[in-house]
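# Structural overview
Residues per chain, in single letters:
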Amino acid sequence: MSATLNARIAQVFDEPGCDHNQAKSEKERKKGCTKQLMPGAAAGGCAFDGAKIALQPIVDVAHLVHGPIACEGNSWDNRHSASSGPQTYRTGYTTDINEFDVIYGAEKRLFKAIREILEKSDPPAIFVYQTCVTAMIGDDIEAVCKRATEKFGRPVIPIDAPGFAGPKNLGNKLGAEALLDHVIGTMEPEFTTPTDINIIGEYNLSGELWQVKPLLDALGVRVLSCISGDGRYAEVASAHRAKVNMMVCSKSMINIATRMQQRWGIPYFEGSFYGISDMSTTLREIARLLVATGGPADLPARAEALIANEEARAWERIRAYRRRLAGKKVLLITGGVKSWSVVSALQEAGLEVVGTSVKKSTKEDKQKIKEIMGDDAHMIDDMTPREMYAMLCEARADIMLSGGRSQFVALKARMPWMDINQERHRAYAGYEGMVTMVAEIDKAIFNPVWQQVRSPAPWEVTDTLLAARGDPTMAHVTEAKKACAVNPLKMSQPLGAAYAFMGLGSCMPLMHGSQGCTSFGLVLLVRHFKEAIPLQTSAMNEATTIMGGYDNLAKALLNIRSRARPAIIGICSTGLTETKGDDVDGYIALARQKHPELADTEIVYVSTPDYAGAFQDGWAKAVAALVSKVPQVDTPQRPGAINVLPGSHVTPGDIEELRELIEAFGLQPTFVPDVSGSLDGHIPEQWLGTTLGGTPLASLRELGGAVHTLAIGEQMRPAAEALQAHCGVPYTLYDRLTGLTATDALVQQLAQLSGRPVPARIRRQRSQLVDAMLDGHFHFGNVKVALAAEPDLLWSAGMFLAEMGAELSVCVTTTASPLLAQLPVAEVLIGDLEDFERSAHAAGCELLMTHAHGRQAADRLGKPLFRIGMPIFDRIGNAHICHVGYRGTRNFVHEVGNLLMDQIGHHGPDDWPLPPASRAAAVAHLPAVIERLRKPDDKLAAASA
């Protein structure tokens, strides 16, 4: 790490606002408060992640991530911090550096990216985030930002928090330090009032700030700045003129409050907006401190009158729920301020908290828990998923409240769950929020679905056809020539490789890099599959990054083996370790030599720098590595056995359909990888730390005994060739299996391999597809489609749409492929979702097809969006999407056709979701609330008088 960053971290650790820290010796304070990460057993985000969490809710700022695609491509747009106006913060900006940049430096690229953002969006400021790889190659973002500020006359703020610097909480504070160093105090507000306050550490998740602000407005208290929820750059820059600071979460941004007290004499207190009592206490403390700093003397009396009115209204609405919820038990897995403030709120609703996590809580947080729950408070330092699962299975809790990562522990145990963390869609702050929280808990616990899912099942007592291709000279393939990728379409190679390893039985994928690399990928896959995702990290830090990663990798292997006992560990490199030049093959050999206990674990390594290629490239490399290393070359041939190598675009539902189709001919398929066994959304008999299914290691070793290999997708050609070279198994490649002719080719191949006629039910499925295509072609004909996806998925969907009569007007993809030039479209662009949106608008496209990040473009253009590919985080059932074979193609016709039918005479552009500029209407109710509060009932009026 740079000397500047080291000094900044030392300053963060020497925090006067932390009693626990100040009780230490000077030597101990320099070591910091962060527990060292455990390779192979680490979880959570990195310093970069923490900095971005803390600052991105400043909504009018452009947030530019300087690094390879994984840092932004895998993480952008994944939190629900809401804005009442500008939507700039929701645009994902990244320099998306490549191999050339890693070798020669990317400072010029960064400067150009800043200029492009200013030309396109004209934000009041740009925040530039340093990442692991750019820190490793020595890019001086502070110098670039200073030069850009001077050149363009616009604040460009460096956020020096590379992932390897530490965990997410450190990143929160480093982000706060950037505000203190470069933003706060640099502007003056247009005017001030005696009742100006700042709210620090409030991120306006799902609009929670808007539940509190009407109360403050009614008191005449102005929020000068919220740092950072629904914040504006100018408000943050002029925050030093506030009279009082309220600290919402001391774990994340206490350094802002203490430094502002030192520099400008602004007093602060820590309060909570969760729960009736805590909300009232917060209002009283705001009033008291404002009076102490020269505010209106009658403010406390007005606060008491408002509190009396609002508490009465809230309790009246909660009373009915309290009778139903009395005695119900809650397991709370969160941290920080919520570890005690939500406890208070739950107890007020009559619920019993049987345990609250304090892993991310401060000493002060823990003391408050004891004050609320008593000395026998059930504080949990670090509960494993297995322990949560057991606790819920034994019905020691009636509901679990946690973040999205652990929701599947509850759901697999058939127990209610509610989101309480940053990904939640409901707002729980203030008096209104408390009523909402109680109502949501009541709805979750008493949902009739639980009676159903907990009941036992009743039974428990000729020549190969080739898929049609396009004109080999039809499309012109170009690559976007931008320094700044905007709203990334692609995801990284390491994530693609890790996903491939998740299709193996008893496997633990391991990313060799900074903790954030794994955290971002894990969250993305969790949001898509709504499943627990086994993924670990070697947790590289600043020292091991420089000295080499052998120790961390060896520790990770040993920890994974001892904790999870996987049959296979799949290692994917990252941009950080590739930039360093770690000899991972040598590390593995040395680890095996020093640790004989690793002999019973298969270890497969694949080189996947995230500054090259994309998701499907990583998948393809991982599968090629598997089939090159694991199969035994002397395996006897097994009649009827075939290998199937599916591409990354083949869903678990697709694999299930293909397995049924192949087995209908009496053949025995082995899928490599088989994500249908591990990510298909089933309930396991017991909790496992590894994958819950997939291709067993024994089956991998017997691949050489198959009579034939079927490879699905052009990306799988290298793997099929590698298996043929290694074991002599011939192969047939299918570039797609969506469509009538494409499926015909597969069915005829299966008939030839088995020597059997096509079964009657398969013939009937073909007839049904033909009928569906006839029914649907009216709606597909001449519809202009904009399609953005990985190359093989782009080819598969695009070719079938063309066969149905649709016009491929726009095609955007992520990485090179020989198929692209054969698509029936004038141009295929390797670009991002900004390119996709602009091209779709220019071409007048009537239907957009891409993953869930495309919903913003669809909103702005007022066009329907058909979600395809990964990630799809705003829909359930993604694992069971099936678009291959006769039945899957029929599904595709019905789904797209019905979406197109909805546009015929029923909806106009105004009926689709409003564009971002109109979303301020979401808070249009606030004036009415304020007016109601300003006209209190007689009791409140008397109290005010």
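Numbering of residues starts from 1 in each chain and follows the order in which that chain's sequence is written. Given that the model is predicted, a residue must reach a pLDDT of at least 70 before its local features are reported, and side-chain atom pairs must reach 80 or more before they are shown or counted; all residues, however, enter totals for whole chains, interfaces and linings. Processing note: side-chain calculations cover all non-hydrogen atoms of the structure and skip hydrogens and water entirely.

### Focus: the side chain of serine 573
This is how it is decided: Numbering of helices and strands runs from the N terminus; a helix is a DSSP stretch of H or I covering at least four residues, while a strand is a stretch of E covering at least two. Note on classification: 1.4 Å probe, protein chains only; a residue is buried when its accessible area is under 20% of the maximum for its type, exposed when over 50%, partly exposed between these limits. Polar contacts, as counted here, are pairs of nitrogen or oxygen atoms within 3.5 Å of one another; within protein the pair requires one atom able to donate a hydrogen and one able to accept it, and residues that are adjacent in sequence qualify only if both atoms are side-chain atoms. Pairs of residues are marked as contacts when any of their non-hydrogen atoms sit within 4.5 Å.
Mapping serine 573 onto the fold places it in strand S18 (residues 568-573). On the accessibility criterion, serine 573 (1% relative accessible area) is buried. Side chain to side chain, serine 573 and glutamate 578 meet in a polar contact 2.6 Å long. Contact partners of serine 573, with chain neighbours within four places excluded, come to Pro494, His512, Glu578, Tyr605, Val606, Ser607, Thr608 and Pro609.

### Some thoughts on the sheet that holds strand S17 (residues 536-537)
For clarity, the threshold we go by: Two strands qualify as a pair provided DSSP detects at least 2 bridges between them. To get an axis, fit a line to the C-alpha atoms, keeping to the stretch in contact for a helix; angles then go from 0 to 180 degrees between the N-to-C directions.
Reading across the sheet, the four strands line up as S17-S16-S18-S19 and stay open at both edges, with parallel pairing between neighbours. Both edges of this open sheet fall to S17 and strand S19 (602-606), since each of them pairs with a single strand only. For S18 and S19, the ladder comprises five bridges, and the chain directions are parallel. Counterpart to glycine 570 in the pairing with S19 is valine 604. Running over the sheet, helix H22 (residues 493-501) touches strand S16 (507-512), S18 and S19 and is turned about 170 degrees from S18. Along the sheet face, helix H25 (residues 550-564) touches S16, S17, S18 and S19 and points at about 160 degrees away from the line of S16.

### Brief notes about the sheet that holds strand S1 (residues 62-66)
Read across the sheet, five strands follow the order S4-S3-S1-S2-S15 without closing on themselves; strand pairing throughout is mixed. Lying at the two open borders of the sheet, with one neighbouring strand each, are strand S4 (156-159) and strand S15 (485-486). In this sheet, S15 lies alongside strand S2 (residues 93-94) in antiparallel orientation, the contact comprising two bridges. Bridged to tyrosine 93 within S15 is valine 486. Sitting on the sheet, helix H9 (residues 141-152) touches S1, strand S3 (126-130) and S4, and the angle it makes with S4 is about 170 degrees.

### Quick notes on the pattern of salt bridges
Which entries qualify depends on this criterion: Any Lys or Arg side-chain nitrogen located within 4 Å of an Asp or Glu carboxyl oxygen qualifies as a salt bridge.
Across all of its chains, the model carries 37 salt bridges by this definition. Among the ionic pairs, lysine 213 bridges to aspartate 217, the shortest N-O distance being 3.4 Å. On the criterion of helical spacing, the pair formed by lysine 213 and aspartate 217 is a turn pair, its members being four residues apart in helix H11 (residues 208-219). Owing to a relative accessible area of 17%, aspartate 217 belongs among the buried residues under this scheme. Of the charged contacts, one joins arginine 736 and glutamate 803 as a salt bridge, the two residues approaching to 2.5 Å between their closest N and O atoms. With arginine 736 in the loop between strand S23 (731-734) and helix H33 (740-754) and glutamate 803 in helix H35 (residues 791-803), the pair connects residues that are 67 residues apart, well separated along the chain.

### Description of the environment of proline 757
One can find proline 757 in the loop between H33 and helix H34 (760-780). When its relative accessible area of 63% is taken as the criterion, proline 757 is described as exposed. Considered as a pair, proline 757 and phenylalanine 665 are 92 residues apart in the sequence and their alpha carbons are 8.0 Å apart.

### Here we look at H9
Applied cut-off: Multiplying 1.5 Å by the residue count of a helix minus one yields the expected span of that helix. Starting at the helix axis, one direction is taken to each C-beta atom, and the arc is that of these directions.
Between its first and last C-alpha atoms H9 spans 16 Å; for twelve residues at 1.5 Å apiece the expected length is 16 Å, and the two agree. The set of residues buried in H9 consists of Ile141, Val144, Cys145 and Ala148. Viewed end-on, H9 has its buried residues packed into an arc of 95 degrees, placing them on one side of the element. Along H9, exposed side chains directed more than 90 degrees from the buried face belong to Lys146 and Glu150. Among the structural elements, S1, helix H7 (107-121), S3 and S4 are those in contact with the buried residues of H9. You can read the cap of H9 off the contacts: a side-chain oxygen lies 3.3 Å from the backbone nitrogen of glutamate 142, and it is on aspartate 140. Just past H9, the residue glycine 153 takes up positive phi, approximately 65 degrees.

### Observations concerning the nonpolar core
Worth spelling out the cut-off: For our purposes a nonpolar core is just a set of buried Ala, Val, Leu, Ile, Met, Phe, Trp, Tyr and Cys residues, chained together by side-chain atoms within 4.5 Å.
If you look at the biggest cluster of nonpolar residues, it comprises 111 residues, and the most contacted ones within it are Phe501, Leu645, Leu750, Leu823, Leu847, Met849 and Phe892. Ile199, Trp210, Ala303 and Ala345 belong to the second largest nonpolar core, which has 55 residues in total.

### A short note on the packing of H7 against H9
Cut-off, in case you're wondering: Handedness of a helix crossing follows the sense of rotation of the near helix relative to the far helix, less than a right angle counterclockwise being left-handed and clockwise being right-handed. Throughout this entry, Asp, Glu, Lys and Arg are counted as charged residues, while Ala, Val, Leu, Ile, Met, Phe, Trp, Tyr, Cys and Pro are counted as nonpolar. The remaining residues, Gly among them, count as polar.
For the pair H7 and H9, interaxial distance at closest approach is 10 Å and the crossing angle is 40 degrees. Read as a crossing pair, H7 and H9 show a hand that is right-handed. Residue-level inspection shows Glu107, Leu110, Phe111, Ile114, Arg115 and Leu118 of H7 in contact with H9, the latter providing Ile141, Val144, Arg147, Ala148, Lys151 and Phe152. Here the contact of H7 with H9 is built from residues that sort into eight nonpolar, no polar and four charged.

### Remarks on the pairing of S23
Two strands pair when backbone bridges link them, and strand S22 (residues 708-712) and S23 are joined in this way by four bridges, in the parallel orientation. Its bridge partner being in S23, alanine 711 is matched across the sheet by leucine 733.

### A closer look at the environment of glutamine 822
Tracing the backbone through its elements, the reader meets glutamine 822 in the loop between strand S25 (807-813) and strand S26 (827-830). With 348 residues separating them in the primary sequence, glutamine 822 and methionine 474 have C-alpha atoms 5.6 Å apart.

### Structural notes on a nonpolar patch on the surface
Defined as follows: Patch membership needs two things, relative accessible area over 30% and no salt bridge, and members are linked within 9 Å if like-charged or within 5 Å if nonpolar (Val, Leu, Ile, Met, Phe, Trp, Tyr). Under the convention used here, a 1.4 Å probe and the Shrake-Rupley method define accessible areas, while residue burial counts only the protein chains that appear.
A surface patch of nonpolar side chains, about 420 Å² in accessible area, is lined by Phe100, Ile103 and Tyr104. Mapped onto the elements of the fold, isoleucine 103 is located in helix H6 (residues 99-104).

### So, unusual backbone geometry
Of note, the amide linkage connecting isoleucine 227 to serine 228 takes the cis form, showing an omega dihedral of 20 degrees. Note that serine 228 resides in strand S6 (residues 222-228). Residue proline 673 is bonded to the preceding valine 672 through a cis peptide linkage, with omega at -5 degrees. For proline 673, the location among the structural elements is in the loop between strand S21 (668-671) and helix H30 (675-678). Residues other than glycine seldom take positive phi values, yet arginine 414 does so here, at roughly 60 degrees. Relative to the elements of secondary structure, arginine 414 occurs in the loop between helix H19 (407-412) and strand S13 (417-419). Note on arginine 414: relative accessible area 34%, which makes it partly exposed. Backbone geometry places asparagine 487, a non-glycine residue, at a positive phi of 55 degrees. Counting through the fold element by element, asparagine 487 comes out in the loop between S15 and H22.

### Looking at the packing of helix H15 (residues 299-325) against helix H20 (residues 430-445)
Quick reminder of the rule: Working rule for angles: under 35 degrees goes down as roughly parallel, over 145 as roughly antiparallel, 65 to 115 as roughly perpendicular, anything else as oblique.
Across the interface, H15 lies against H20 with an axial gap of 9 Å and an inter-helix angle of 5 degrees. One element, H15, and the other, H20, form an angle in the roughly parallel class. Here Ile307, Glu310, Glu311, Arg313, Ala314, Arg317, Ile318, Tyr321, Arg324 and Leu325 of H15 come into contact with H20, specifically with Tyr431, Glu432, Met434, Val435, Val438, Ala439, Ile441, Asp442 and Ile445. For the contact of H15 with H20, a count of residues per class yields twelve nonpolar, no polar and seven charged.

### Some remarks on a positive patch on the surface
Selection rule: Think of it this way: Lys and Arg go in the positive column, Asp and Glu in the negative one, and His and the chain ends go nowhere. By convention, the charge on Lys lies at NZ, on Arg at CZ, on Asp at CG and on Glu at CD.
On the surface, Lys108, Lys112, Arg115, Arg147 and Lys151 cluster together to form a positively charged patch. Among the elements of the structure, H7 and H9 are those that each provide at least two residues to the positive patch. No other element matches the three residues that H7 contributes to the positive patch. Residue placement: lysine 112 occurs in helix H7. Lysine 112 gets classed as partly exposed once you look at its relative accessible area, which sits at 43%.

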